[in-house]
Every structure is written in C-alpha cells, then in structure tokens.
Amino acid sequence: MISARAYAAATAKSPLAPFELSRRDPGPRDVLIDISYCGICHSDLHCARDEWGGQPFPCVPGHEIAGVVSAVGSAVTKFKVGDRVGVGCMVDSCGECAACKAGLEQHCERGATWTYGGSNFYRPHDPGTGHTFGGYSTAITVVENFVVRIPDALPLDAAAPMLCAGITTYSPLKRFGAGPGKRVGVVGLGGLGHMAVKIAHAMGAHVTVITTSPNKAGPARELGADAVLVSSDRAAMEAAGSSLDLIVDTVSAVHDMDLYMGLLGLEGALVLVGLPPEKLEVSAFTLTGARRIFTGSNIGGIAETQEMLDFCAAHGVQAEIEKIPAQQINEAYERLLKGDVKYRFVIDSATLHT
Ligand code: NAP
Ligand code: ZN
C-alpha cells in the first residue's frame with residue numbers, strides 16, 4: 001500500500017481540501033507513477049460539483065496526469081523506473097471486446113474504468129475506496145497498457161493538459177480529415193479549444209475561432225487561427241454562413257446550436273466535445289437544409305493518445321499553461337468559470353507535499 005497526498009471534494013457542495021489516500025501496490029502489470037503535474041479540465045469542475053449527476057464522493061479529480069515512473073511490476077515490459085509518462089481519462093478496460101480491439105477503449109462494451117469516480121471492474125480498487133481517485137494527488141498506480149510515453153521534446157507541465165484536452169480535440173480533427181484545404185472552426189477558446197487551434201493549424205487546416213470573448217481575437221491568431229468570429233457579432237456570423245467544413249465545439253454550457261451549425265457548408269460536420277449538463281436543441285431545418293452532421297466525440301483511445309503526443313512533439317505543439325500550487329485549486333475553478341485562464345491551469349504536484 002502506498003500513501004499519497006491529494007485534494008478532494010468531500011461533497012458536491014464542499015470546496016476541495018487536503019486528503020490522504022492509499023494506492024494499491026503495483027501488481028505484475030502495474031506501473032507506479034510519481035505525479036509531477038496535473039491539468040485542471042472543466043470536466044473536473046463538472047464532477048467535483050456533481051453537475052452531471054451520479055458522482056461518487058469523496059471526489060479526487062484529475063485526468064491530465066504527467067509524471068515519472070517510480071516502480072514497475074514484475075511483468076511490465078513497456079516502462080522502466082525513471083520514464084516520463086502520462087495518464088489520461090481512463091485507467092483500464094476489458095481489453096477483449098470489439099471496441100477495445102479497435103483501439104477505442106473509451107467505448108469498451110463492458111465499461112472503461114475512468115481515472116476518477118470510476119468503477120474498477122478489472123483490478124482491485126485502491127485500498128479503502130470503492131471508486132477511483134484521480135490525479136490531484138502525488139502518486140497513482142496504473143496498468144501499463146493505460147500509460148503513455150511523454151516524448152522528450154515535451155516538458156511535463158505543458159504535456160499534462162494534452163492527456164485530455166489534446167486527445168479530445170486531436171481525435172475528431174483526425175477522424176474528419178482536418179488538413180490542407182479543410183476549413184475548420186473551433187468554438188470556445190478554453191483548455192480544449194486552444195489545443196484544437198494548435199493541432200488543426202499543425203495539421204495544415206484553415207482555422208477559424210468562434211468565441212464569445214472579443215478580447216481573445218488577438219491571442220487566437222497567436223495560437224494559429226487564420227480568422228476569428230465573435231459570436232455576438234451577428235452580421236459577421238451571417239456573412240460567414242456555410243463557410244466551414246468541420247467544427248469542433250468545446251463549449252461547456254448551453255449554447256445556440258443553430259447559430260454555430262449555420263457556419264457549416266453542405267455536409268459539414270459539427271463535432272460536440274463540450275459536455276454541458278443540460279440538453280442542447282437544434283432545428284430540423286439547420287440539419288436538413290445542407291445535409292449537415294451533428295455528432296460527438298469522447299476523448300480518444302490509448303494508441304491514438306500516444307500518436308497525438310508524438311504528433312505534437314514533432315510539430316512543436318504543447319499546451320499553454322498557468323502553473324498553480326494545489327492550495328489554489330478552488331480559486332482556479334472560479335477563474336475557469338469566468339474564462340480567466342490562458343489556457344489551462346496545471347497543478348504543481350510538489351505543492352501537495354507542503
Ligand atoms: P474551458 O477551459 O472552460 O473552455 C470552455 C470555453 O467555452 C470557454 O473558454 C469559452 O470560450 C466557451 N464558453 C463558455 N461558456 C460559454 C457559453 N455559455 N456560450 C458559448 N461559449 C461558452 O473548458 P474545457 O476544459 O476546455 O472543457 C470544455 C468542455 O469539454 C467541458 O464541458 C468539459 O467537460 C468537456 N470535455 C469533454 C471531453 C470529451 O471527451 N468529450 C473531454 C474533456 C472535456 P470563449 O471565451 O472563447 O467563448
Ligand atoms: Zn478532461
């Protein structure tokens with residue numbers, strides 16, 4: 001049993017506070033990771049406040065984990081002590097169903113084990129808990145198949161957010177063919193959105209950012225956007241109607257789908273990755289009028305996560321971060337809600353020891 005320090009929400013109404021937990025001793029195929037950094041995803045906030053419902057407590061969020069291997073089980077072949085590694089939104093799956101075999105572990109037919117608040121169907125839980133605890137902690141034990149290698153070209157702190165924000169945007173961009181000649185829109189310039197801009201630009205696509213924040217126009221261009229639309233500027237939105245092939249929509253709250261989907265041309269696709277707790281509405285005419293596609297995407301598989309990290313390392317892409325001590329997590333949540341972060345908070349895990 002390995003003791004770790006963490007930050008947890010005791011209930012949906014409590015602020016996060018210091019918390020002690022135990023990790024399981026590494027089994028034969030497990031890797032023990034000394035966590036260096038953990039990004040703060042908007043999903044962490046949704047979960048710590050139980051906005052989607054059904055969240056088990058205490059909740060130790062965190063699924064953008066970067067660290068260094070500190071021990072390996074006897075049968076581990078992929079990693080050794082001292083390796084720089086990452087863990088994203090899942091820590092296990094059945095490994096046998098069609099989805100797992102296709103590299104889509106996040107859609108495991110028997111259920112993936114989510115990094116926090118998840119049920120560990122396939123391995124023992126950490127001692128003293130019935131659900132998983134995430135990366136706002138000093139250490140984690142994970143089966144080697146769910147650990148990825150962080151390329152040397154990527155600093156650990158700026159790599160951490162890529163384990164969720166990076167893969168969640170890379171996967172639909174790749175699936176829908178973002179590249180030269182494709183006109184890609186990114187809705188919402190937050191943690192996911194800024195990674196979408198950088199990755200789509202690196203893939204060679206023409207990138208338009210659609211934002212509610214006029215002050216993000218300049219920064220969006222610095223990140224690689226070719227054009228910026230402020231969604232409250234209805235004349236500009238109308239003028240840009242039917243001009244895009246693909247939209248990655250990262251918005252965390254309810255928003256007007258018809259407004260954004262109107263930017264798509266014939267058979268253009270809007271891929272929802274944002275997860276507002278409330279239902280979204282779209283007019284039938286928006287869809288049928290130009291055979292538009294309204295779809296969604298959920299993170300990405302493990303092999304694709306490694307591919308994303310290697311792609312980003314090769315193209316000089318990494319997250320823009322603001323590093324914080326663990327003691328500022330609650331303040332960071334409030335700032336995240338106001339869009340006051342460029343563009344991802346990352347917890348320096350060393351501060352959990354203080
Ligand atoms: P974030 O950093 O808070 O970014 C969200 C951005 O959406 C904001 O910066 C803002 O950008 C825009 N926005 C916020 N409220 C809005 C509103 N009412 N109308 C229009 N735009 C609004 O959050 P994030 O960490 O990127 O996460 C975004 C969402 O993705 C969350 O719901 C999260 O749970 C979800 N998520 C999904 C997956 C998946 O696999 N599908 C994975 C990770 C996260 P502007 O200021 O530019 O407008
Ligand atoms: Zn996330």
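Here is what the cut-offs are and how they apply
- Counting from 1, residues in each chain are numbered in the order their sequence is written.
- To read the labels, note that chains go from A and ligands from 1, taken in the order they are written.
- Only residues with pLDDT of at least 70 are given local features in this predicted model, and only at 80 or more are side-chain atom pairs given and counted; all residues enter the totals for whole chains, interfaces and linings.
- Derived side-chain values reflect all non-hydrogen atoms in the structure, with water molecules and hydrogen atoms excluded from consideration.
- For each residue, the accessible area found with a 1.4 Å probe, counting protein chains only, is set against the maximum for its type, and the residue is called buried under 20%, exposed over 50%, and partly exposed in between.
- Every helix listed is a DSSP run of H or I at least four residues long, and every strand listed is a run of E at least two residues long, numbered separately from the N terminus.
- Pairs of residues are marked as contacts when any of their non-hydrogen atoms sit within 4.5 Å.
- Proximity is defined per residue: any heavy atom of the residue falling within 4 Å of a molecule or strand makes that residue near it.
- Any N or O atom pair separated by 3.5 Å or less is treated as a polar contact, with the protein-specific requirement of one donor-capable and one acceptor-capable atom, and with residues adjacent in sequence counted only for side-chain atom pairs.
- Exposure was quantified through the Shrake-Rupley algorithm and a 1.4 Å probe, taking into account, for residues, occlusion by the shown protein chains and nothing else.
- Here the term charged refers only to Asp, Glu, Lys and Arg, the term nonpolar to Ala, Val, Leu, Ile, Met, Phe, Trp, Tyr, Cys and Pro, and the term polar to all other amino acids, Gly among them.
- By convention a nonpolar core is built from buried Ala, Val, Leu, Ile, Met, Phe, Trp, Tyr and Cys residues, the set being connected through side-chain atoms within 4.5 Å.
- Given a helix with a known number of residues, its expected span is that number minus one, times 1.5 Å.
- Strands are treated as partners if at least two bridges between them are detected by DSSP.
- All axes are obtained by fitting lines to C-alpha atoms, using only the stretch in contact for helices, and the reported angles, taken between N-to-C directions, cover 0 to 180 degrees.

### What about helix α4 (residues 165–175)?
- Among the eleven residues of α4, nine are classified as buried, and the element is accordingly described as predominantly covered.
- All of the buried residues in α4 are Ala165, Gly166, Ile167, Thr168, Thr169, Tyr170, Ser171, Pro172 and Leu173.
- Contacts made by the buried residues of α4 are with β10 (183–187), α5 (191–203), β13 (244–249), β14 (264–272), α10 (302–314) and β17 (344–348).
- One or two steps after α4, the chain reaches Gly177, where phi turns positive at roughly 75°.

### Focus on the site of ligand 1
- Ligand 1 sits among 30 residues. The nearest are Thr211, Thr212, Ser213, Lys216 and Arg344.
- A distance of 3.0 Å separates an oxygen atom of ligand 1 from a polar atom in the backbone of Leu275.
- Between Arg344 and ligand 1, the recorded distance is 2.6 Å, taken from a side-chain N or O atom to an oxygen atom.
- With the chains in place, 89% of the 920 Å² that ligand 1 exposes on its own is no longer accessible.
- Where the shell around ligand 1 is concerned, the elements lending two or more residues are α1 (42–48) and α5.
- The greatest single-element share of the shell around ligand 1, amounting to three residues, is contributed by α1.
- When grouped by side-chain class, the residues that make up the shell around ligand 1 number 13 nonpolar, 15 polar and two charged.

### A short note on the nonpolar core
- Counting 100 residues, the largest nonpolar core has Ile40, Tyr136, Met162, Leu173, Ile199 and Ile329 as the members making the most contacts within it.
- Ranked by residue count, the leading element in this core is α5, at seven residues.
- With 16 residues, the next largest nonpolar core counts Val187, Met257, Leu263 and Leu272 among its residues.

### So, α10
- Its 13 residues place the ends of α10 18 Å apart at the C-alpha level, agreeing with the 18 Å of an ideal helix rising 1.5 Å per residue.
- Ile302, Glu304, Thr305, Met308, Leu309, Phe311, Cys312 and Ala313 are the residues of α10 that are buried.
- Buried-residue contacts for α10 involve β6 (90–92), β9 (148–149), α4 and α5.
- Note on α10: the residue one or two positions beyond its end, Gly316, has a positive phi of about 65°.

### Focus: the pairing of β13
- Counting buried positions over the six residues of β13 gives five, a clear majority of the element.
- By the bridge criterion, four bridges tie β10 to β13 in an arrangement that is parallel. Residue Val184 lies in a different strand from β13, and its bridge partner there is Leu246.
- Pairing geometry for β13 and β14, over five bridges, is parallel. Of the residues in β14, the one forming a bridge with Val248 is Val271.

### A short note on the sheet that holds strand β12 (residues 227–230)
- Strand order in the open sheet made by the six strands is β12-β11-β10-β13-β14-β15, with parallel pairing throughout. Edge strands, defined here as strands with exactly one partner in the open sheet, are β12 and β15 (293–296). Ignoring which end each strand starts from, the neighbouring axes of this sheet average 20° apart.
- Along the sheet, α4 makes contact with β10, β13, β14 and β15, crossing β13 at roughly 160°.

### Some remarks on the side chain of Asn120
- Tracing the sequence through the fold places Asn120 in the loop between β7 (113–114) and β8 (139–143).
- When residues no more than four places from it in sequence are discounted, the contact partners of Asn120 are Arg24, Asp92, Thr113, His125 and Thr132.

Honestly, that's just the spatial picture; any functional story needs more than this.
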